[in-house]
Amino acid sequence: MQILRCADLRQRASFSGWGHTPHRVSFCHLIVVTRGQFTHTVDFVPVTCTEGCWVVVQPGQVHSFDWRTDWDGWLIIFKPEALPETLVKRLSHDVESLFDELPTLFMPPPEEHDAGLRIISQMALDSGRYADLASGNRLIVTGLYYLLMRVNLFVQGHGLSQRKSNQKLFKRFQQFKKMVEVRLSTQHHVHEYAQILGCSEKSLNRAVFAVEKMTAKAYLTQRIVLEAKRMLIHSMQPVGSIGIDLGFDEATNFVKFFKREVGMPPMTFRGLYLEKGS
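Everything quoted here is computed from the prediction, not taken from an experiment.

1. Topic: the side chain of Ser203
Part 1 of the reasoning: Tracing the backbone shows Ser203 in helix α8 (residues 201–212).
Part 2 of the reasoning: Looking at Ser203, the relative accessible area reads 10%, which means it is buried.
Part 3 of the reasoning: Of note is the side chain of Ser203, whose polar atom sits 2.5 Å from the side chain of Arg172.

Structure representation (structure tokens):
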């Protein structure tokens, strides 16, 4: 786990260029803005951030920092498994699901924001003082637990979680979503997922629409497009290789699919985003 001041990251970026170009993350990232205004980009969508905002970047997403304006905050980077199992069991649901259900951007009321900042500041102090001690590490992890508990309570209490949907439909959607993440490169048809889940396509569509306000086919297409974008920016793989990795039998079919959905060929998209980050 890392607890960093964004002002320190800005200094690092000025020397190395770190954070300017879109990069894909493997860990949970939580940015808490304490000063200024800037535009953070998450999965190719610009997000306007101001003082008091909390930004969530989930594992697997692509994001980039905006160092052009004067802003500051905290960045916490951690793996969901950083929390001991005994603490995770006390959360209303597991940390991975909690982050998965959070909106990319939310703004708690001032008292909740300040309470979160107090926890983060203490975690940062403890990290500097006790990081080399096993008991000190447990102390820091416990701080993360309490921070996530506050986030959990706020999100649930203000209807920001996807769990505001019918619980039965939400559970089916979550099953579908997890299955898509695993089978994205091999299964591109809704009926295949419905068959595995033991439900009708109509029932699956109802569940997806209840949570995402789109059909299961649209969700699946959107997810394939997003993964293609991530791979195009995060790696320098040839377009044909990316198409094969995503389950397309021919590179030309992947290019046609991408152009139809995005409005430009894959190489044009890659060039535009790499130019933005340069």
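2. Observations concerning the confidence of the model for the protein
Part 1 of the reasoning: Looking at the protein as a whole, the pLDDT averages 87, with 87% of positions reaching at least 70.
Part 2 of the reasoning: Of all helices and strands in the protein, the one with the weakest mean pLDDT is helix α2 (residues 85–88) (59), whereas helix α11 (residues 251–262) scores best (96).

3. Here's the deal with the pattern of salt bridges
Part 1 of the reasoning: According to the stated counting rule, one finds 10 salt bridges in the structure shown.
Part 2 of the reasoning: A salt bridge links Glu112 to Arg150, with the nearest nitrogen and oxygen atoms 3.2 Å apart. One end of the pair, Glu112, is in helix α4 (residues 110–130); the other, Arg150, is in helix α5 (residues 134–157), with 38 residues separating them in the sequence.
Part 3 of the reasoning: Here Glu227 makes a salt bridge to Arg223, at a shortest N to O gap of 3.0 Å. Taken together, the residues Glu227 and Arg223, both in helix α9 (residues 216–234) and four residues apart, mark about one turn of the helix. Each member of the pair Glu227 and Arg223 is classed as buried.
Part 4 of the reasoning: Linked through salt bridges whose partners overlap, the residues forming this network are Arg24, Asp43, Glu181, Arg223, Glu227 and Arg230.

4. With respect to the nonpolar core
Part 1 of the reasoning: Ranked by internal contacts, the top residues of the largest apolar core, which has 35 residues, are Phe176, Leu204, Val208 and Phe254.
Part 2 of the reasoning: Taken together, the elements giving at least two residues each to this core come down to α6 (167–183), α7 (190–197), α8, α9, α10 (239–245), α11 and α12 (266–277).
Part 3 of the reasoning: Top contributing element to this core by residue count: α9, with nine residues.
Part 4 of the reasoning: Counting residues in each nonpolar core, the second largest holds 22 residues, with Val56, Ile76, Ile119 and Leu148 among its members.

5. Considerations on the side chain of Ser235
Part 1 of the reasoning: Mapped onto the secondary structure, Ser235 falls in the loop between α9 and α10.
Part 2 of the reasoning: In this structure the side chain of Ser235 is engaged in a polar contact, spanning 3.4 Å, whose partner is the backbone nitrogen of Gln237.
Part 3 of the reasoning: For Ser235, the contacting residues outside a window of four places in its chain are Arg230, Ile242 and Arg270.

6. What to know about the packing of α8 against α9
Part 1 of the reasoning: At a closest axis distance of 8 Å, the pairing of α8 and α9 adopts a crossing angle of 65°. Here α8 contributes Leu204, Asn205, Val208 and Glu212 to the contact with α9, which in turn contributes Ala216, Lys217 and Tyr219.
Part 2 of the reasoning: Among the residues forming the contact of α8 with α9, the class breakdown is four nonpolar, one polar and two charged.

7. A few points about the state of the cysteines
Part 1 of the reasoning: Going through the model one piece at a time under the given rule, you end up with zero disulfides.
Part 2 of the reasoning: Cys53 takes part in no disulfide bond, and the closest cysteine sulfur to it belongs to Cys49, at a distance of 5.6 Å.
Part 3 of the reasoning: Assessed through its relative accessible area of 4%, Cys53 is described here as buried.

8. Examining the sheet that holds strand β7 (residues 62–64)
Part 1 of the reasoning: Pairing is antiparallel in the open sheet, where four strands are placed in the order β2-β7-β4-β5. Either end of the sheet is taken by a strand with one partner, and the two such strands are β2 (23–24) and β5 (45–50).
Part 2 of the reasoning: For strand β4 (residues 37–42) and β5, the ladder comprises six bridges, and the chain directions are antiparallel. Counterpart to Val42 in the pairing with β5 is Val45.

9. Comments concerning the packing of aromatic side chains
The relation between two aromatic rings is expressed through the spacing of the ring centres and the mutual angle of the planes.
Part 1 of the reasoning: Tallying each qualifying case throughout the model produces 16 aromatic pairs.
Part 2 of the reasoning: Between the aromatic rings of Phe248 and Phe257, the centroid separation amounts to 5.2 Å while the plane-to-plane angle is 45°, which identifies the pairing as tilted.
Part 3 of the reasoning: Looking at Arg5, its charged tip hangs above the ring of Trp74, at a distance of 4.4 Å from the centre.

10. Here we look at the sheet that holds strand β1 (residues 2–5)
Part 1 of the reasoning: Here five strands make up an open sheet; going across it, the order is β1-β8-β3-β6-β9 and the pairing antiparallel. Across the chains shown, the open sheet's two edge strands, defined by having one partner strand only, are β1 and β9 (105–106).
Part 2 of the reasoning: Running over the sheet, α5 touches β1, β3 (28–35), β6 (54–57), β8 (72–78) and β9 and is turned about 110° from β8.

11. Observations concerning the environment of Met123
Part 1 of the reasoning: Along the chain, Met123 falls in helix α4.
Part 2 of the reasoning: Exposure remark for Met123: the relative accessible area of 2% places this residue in the buried category.
Part 3 of the reasoning: The spacing of Met123 and Leu144 is 21 residues in sequence and 7.7 Å in space, taken between C-alpha atoms.
Part 4 of the reasoning: Among all residues touching Met123, those that are not within four sequence positions of it are Met1, Ile3, Ile140, Gly143 and Leu144.

12. Some words on α11
Part 1 of the reasoning: In a regular helix each residue adds 1.5 Å, so 12 residues correspond to 16 Å; α11 covers 16 Å between its end C-alpha atoms and thus fits that length.
Part 2 of the reasoning: Every buried residue belonging to α11 is among Phe254, Phe257 and Phe258, and all of these are buried. The buried residues of α11 occupy an angular sector of 95° when the element is viewed end-on, so they sit on one face. Exposed and facing more than 90 degrees away from the buried side of α11 are Thr252, Lys256 and Arg260.

About the cut-offs
Residues numbered from 1 in each chain as written. Predicted model: local features only at pLDDT ≥ 70, side-chain atom pairs only at ≥ 80, totals over all residues. Heavy atoms only, no water. Helix = DSSP H or I, 4+ residues; strand = E, 2+ residues; numbered from the N terminus. Buried < 20%, exposed > 50% of the residue type's maximum accessible area, 1.4 Å probe, protein only. Polar contact = N/O pair within 3.5 Å; in protein donor to acceptor, adjacent residues only side chain to side chain. pLDDT = per-residue confidence, 0-100. Salt bridge = Lys/Arg side-chain N within 4 Å of Asp/Glu carboxyl O. Core = buried A, V, L, I, M, F, W, Y, C linked by side-chain atoms within 4.5 Å. Contact = heavy atoms within 4.5 Å. Axes fitted to C-alpha atoms, helices over the stretch in contact; angles between N-to-C directions. Nonpolar A, V, L, I, M, F, W, Y, C, P; charged D, E, K, R; others polar. Disulfide = S-S within 2.5 Å. Pairing = 2+ DSSP bridges. Phe/Tyr/Trp six-rings, centres within 6.5 Å; stacked < 30°, edge-to-face > 60°. Lys NZ or Arg CZ within 6 Å of the ring centre and 35° of its normal. Expected span 1.5 Å × (residues − 1). Arc of directions from axis to C-beta.

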